[in-house]
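Observations on the three-dimensional arrangement
One letter stands for each residue in the lines below.
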Amino acid sequence: MHVLLVEDEKSLHQEMRQFLRQAQYLVDSAFTYSEASEKLFVNSYDFVLLDLGLPDGDGLDLLREARPREGQEASFIVLTARGALDDRIRGLDLGADDYLPKPFSLLELTSRMQAITRRKFGLKRTEITFGDGFSLDSTARIVRQSGQEVPLTKKEFDLLHYLLLHRGRVLTRLQLGEHLWGNVLEDDSDSNYIDVHIKNVRKKLALFAPADFLETVRGIGYRASEA
């Protein structure tokens with residue numbers, strides 16, 4: 001999951017960034033309104049963790065600016081010392097997915113992020129079943145087939161998980177590259193990074209059962225079929 005952390009208090013920012021990276025999130029940082037606005041314009045994110053009291057603007061204005069943008073599918077969690085009911089209501093009315101007042105537990109933050117992911121993709125638990133007897137546990141970060149663990153690397157796991165979350169939808173190589181590396185590949189059309197990772201995932205899954213649910217959409221990207 002690709003996260004934009006918008007927080008100007010540097011010690012808290014560093015603590016959150018380190019914790020999220022240990023939890024296997026890919027984290028971009030912004031300390032100001034202008035930095036966050038630029039990164040939201042250029043990149044796609046799964047989550048935006050947004051402080052309201054930024055030095056050069058109000059986080060609620062950033063939320064208002066970002067939400068209408070075409071292709072902006074990030075889930076926003078507002079993180080703020082403001083405890084007023086009006087601020088919470090305004091944030092939720094502008095499209096925030098959750099609201100966490102400071103101080104907060106980092107474990108609670110990641111639990112809320114996982115809960116939003118489950119709601120967003122219609123999951124009732126952290127385990128996704130797919131293909132011929134496969135299951136993916138997003139918390140334990142393990143893929144199994146009939147009880148046997150499939151040995152995937154971190155990037156392979158993240159790639160498969162992202163495709164399964166968007167099952168039935170075609171994802172471009174650019175979208176997949178941004179998810180895995182956190183930035184736009186400069187020469188995405190000629191890059192075979194994603195193709196190599198898909199090939200490796202298919203090869204490892206095929207040792208246990210057919211992996212034909214991973215479909216190539218020629219000239220565009222890949223799709224995990226819904227069947």
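Residues numbered from 1 in each chain as written. Predicted model: local features only at pLDDT ≥ 70, side-chain atom pairs only at ≥ 80, totals over all residues. Heavy atoms only, no water.

Taking an unreviewed UniProt entry as the reference, the chain is identified by name as DNA-binding response regulator belonging to Hymenobacter nivis.

**Brief notes about the environment of leucine 136**
Within the fold, leucine 136 resides in strand 9 (residues 134-137). For the pair formed by leucine 136 and isoleucine 77, sequence separation is 59 residues and the distance between their alpha carbons is 26 Å. Among residues more than four places away in sequence, those in contact with leucine 136 are Thr126, Glu127, Ile128, Phe130, Ile142, Val143, Phe157, Leu160, His161 and Leu164. (Helix = DSSP H or I, 4+ residues; strand = E, 2+ residues; numbered from the N terminus. Contact = heavy atoms within 4.5 Å.)

**Remarks on the domain arrangement of the chain**
Each assigned domain of the chain is listed with its residue range as follows: domain 1 (2-121) and domain 2 (127-224). With centres defined by C-alpha atoms, the gap from domain 1 to domain 2 works out at 27 Å. Surface buried jointly by domain 1 and domain 2 totals about 970 Å² across both partners, of which 48% is contributed by carbon and sulfur atoms. For the interface between domain 1 and domain 2, the tally reads three residue pairs in polar contact (both at pLDDT 80 or more). Elements that contribute at least two residues to the side of domain 1 that touches domain 2 include exactly strand 2 (26-30) and helix 5 (106-120). Grouping the amino acids of the side of domain 1 that touches domain 2 by side-chain chemistry returns three nonpolar, six polar and three charged. (Domains from an automatic or database assignment. Buried area = accessible area lost by both parts, 1.4 Å probe. Polar contact = N/O pair within 3.5 Å; in protein donor to acceptor, adjacent residues only side chain to side chain. Nonpolar A, V, L, I, M, F, W, Y, C, P; charged D, E, K, R; others polar.)

**Concerning helix 7 (residues 173-181)**
Taken as a whole, helix 7 has its buried residues at Arg173, Leu176, Gly177, Glu178, His179 and Leu180. One or two residues past the end of helix 7 sits glycine 182, with phi positive at roughly 85°. (Buried < 20%, exposed > 50% of the residue type's maximum accessible area, 1.4 Å probe, protein only.)

**Examining the nonpolar core**
Residues Leu49, Leu109, Val143, Leu160 and Leu205 are the most contacted members of the largest nonpolar core, which totals 45 residues. Take this core: its biggest share by element is seven residues, from helix 6 (residues 154-165). Shared between two domains, this core takes at least three residues from each, and those domains are domain 1 (2-121) and domain 2 (127-224). Beyond its immediate stretch of four places on either side in the chain, leucine 205 contacts Phe134, Val143, Val150, Leu160, Ala211, Phe213 and Leu214. In terms of nonpolar packing, the next biggest core, distinct from the first, is built from 20 residues, Val48, Leu52, Leu63 and Val78 among them. (Core = buried A, V, L, I, M, F, W, Y, C linked by side-chain atoms within 4.5 Å.)

**Remarks on the UniProt feature "modified residue: 4-aspartylphosphate" (unreviewed entry) in the chain**
With numbering aligned to this structure, UniProt lists the feature "modified residue: 4-aspartylphosphate" (unreviewed entry) at Asp51. Among the structural elements, aspartate 51 can be located in strand 3 (residues 47-51). Overall, the relative accessible area of 4% leaves aspartate 51 in the buried class. Ignoring sequence-local partners within four residues, the contact set of aspartate 51 consists of Val6, Glu7, Asp8, Gly59, Leu79, Thr80 and Lys102. (UniProt positions renumbered as here; feature names shortened; annotations may be inferred.)

**Notes on helix 2 (residues 33-42)**
Of the positions making up helix 2, those classed as buried are Tyr33, Ala36, Ser37 and Leu40. The buried residues of helix 2 occupy an angular sector of 100° when projected down its axis, which confines them to one face. On its buried face, helix 2 is in contact with strand 1 (2-6), strand 2, strand 3, strand 4 (53-54), strand 5 (57-58) and helix 3 (59-66). (Arc of directions from axis to C-beta.)

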